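Inside the fold
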Amino acid sequence: MNVPLLDLKLQYASIKDECLKATEAIYDSQYFILGPHVEALESEISAYCGTRYAVGVSSGTDALLLSLMAAGIGPGDRVVTSPYTFFATAGAIARVGAIPVFTDIDSETYNMSPESLNRVVEKMPADEKRSVRAIMPVHLYGQCADMDEIAMIAQQHDWLIIEDAAQAIGAEYKGKRAGSLGDFGCFSFFPSKNLGGFGDGGIVTTNSKHFYDMLVILRVHGGHPKYYHKYIGGNFRLDALQAAIVSVKLKHLDNWTAARQANAQRYRQMFDAEGLSDYIKAPMEKHDRHIYNQFVIEIPSGRAELKGFLLKNNIGCEIYYPVPLHLQECFSYLGCKAGEFPNAEHAAKHTLAIPVFPELTTQQQAYVVEKIKNFRDGNP
Ligand SMILES: *Cc1c(COP(=O)(O)O)cnc(C)c1O
């Protein structure tokens, strides 16, 4: 049996007619950048996330970068974030000239640990604390970070919150959607995300009129009116074709999310039924609603061998992420040491994402679970 980590061809087969119809009008119009399709998507996403505004941009990475720029964060400033995330989170902070400050993660949810955040803030020298401008929590794998605790610290210090919600469209925290829990919500339409385009794309949500205006101006090089520049922005524009595809897919997103959640529940039942619950640490659902951008398991040892074994048996799996950001070579200038954030380092060594995509069948899941059991029992 073959079980890919994600099967976008299956998804496309179910929406092909809609996609072709939605994009044909764009070919006819020859209007490819921003415009009515992007504006339509912006209204749909702000309604979906429960925010006043949304601004379509060129990628999830650019959503982070543009948000930092719109907040006026730059050289000399600091932004607090998680070291256990995709590189773009801290990469964006460094690219505007600011300094990433890491906290450890919670070992159950893999999201920023509020206790560690508190400790990091407490032991920061006063001058460094004054230079912090924002916290950038990541809603990793499709589950929101502990936003009440994070917001409390942000409020105390008058820091902004920039949510990296690239993996979390539709995730909820106490009834509020990801993207509506801070000052900026940054989303990615990279094809493998839960809501993906046919290429790069992203969007920023906000409730602030001021930040909305800044995002819109900086998205087109800071020209406002066109060719008059009070600010230096960049080209962060979203294509009409991507917007049209994402609009088509957004109508199906809640069904796909329900299928991912059902698959996650089925894995748990299968782990129980197969006596694997003590061996496999399944993802903890701390906050409703987890949208399972990834289903990430943890095993005590032999992660590399398990990965190799599953791949050999035609089961897609991936390590997100093998090196925590505080130990990346490019951030050595920050002076972080191995052992500084033990939960992040542990997760980087022991976790593995297995298939959870909506079209995954029960038979495929049973095969994945059987192979993991074979691996544990040492009888491949
Ligand atoms: C995918 C992702 C990004 C970057 O999005 P792109 O659209 O690929 O630029 C940023 N942060 C996280 C957590 C992501 O998963």
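Residues numbered from 1 in each chain as written. Predicted model: local features only at pLDDT ≥ 70, side-chain atom pairs only at ≥ 80, totals over all residues. Heavy atoms only, no water.

**A few points about the pattern of salt bridges**
All chains considered together, the criterion is met by 14 salt bridges. Where K373 meets E274, a salt bridge forms, and the shortest distance between an N and an O atom there is 3.2 Å. Placement of K373 in helix α12 (residues 362-377) and of E274 in the loop between α9 (240-273) and β10 (295-298) is noted, with a sequence separation of 99 residues between them. Between E298 and K281 there is a salt bridge, with the nearest N and O atoms lying 3.4 Å from each other. (Salt bridge = Lys/Arg side-chain N within 4 Å of Asp/Glu carboxyl O. Helix = DSSP H or I, 4+ residues; strand = E, 2+ residues; numbered from the N terminus.)

**Some remarks on the environment of T85**
Here T85 shows up in the loop between β2 (78-81) and α4 (88-95). Residue T85 is classed as buried on the basis of its relative accessible area of 3%. C-alpha separation for the pair T85 and H139, spaced 54 residues apart in sequence, amounts to 9.2 Å. A polar side-chain atom of T85 sits 2.8 Å from a polar atom in the side chain of T89. (Buried < 20%, exposed > 50% of the residue type's maximum accessible area, 1.4 Å probe, protein only. Polar contact = N/O pair within 3.5 Å; in protein donor to acceptor, adjacent residues only side chain to side chain.)

**Quick look at the sheet that holds strand β9 (residues 202-206)**
Pairing is mixed across the open sheet formed by seven strands, whose spatial order is β1-β9-β8-β5-β4-β2-β3. Of all strands in the sheet, those bounded by a partner on one side alone are β1 (53-57) and β3 (99-102). Averaged over all pairs of adjacent strands, the angle between their axes in this sheet comes to 25°, without regard to strand direction. Helix-sheet contacts for helix α7 (residues 147-157) involve β4 (132-136) and β5 (160-164), and the interaxial angle to β5 is about 145°. (Pairing = 2+ DSSP bridges. Axes fitted to C-alpha atoms, helices over the stretch in contact; angles between N-to-C directions. Contact = heavy atoms within 4.5 Å.)

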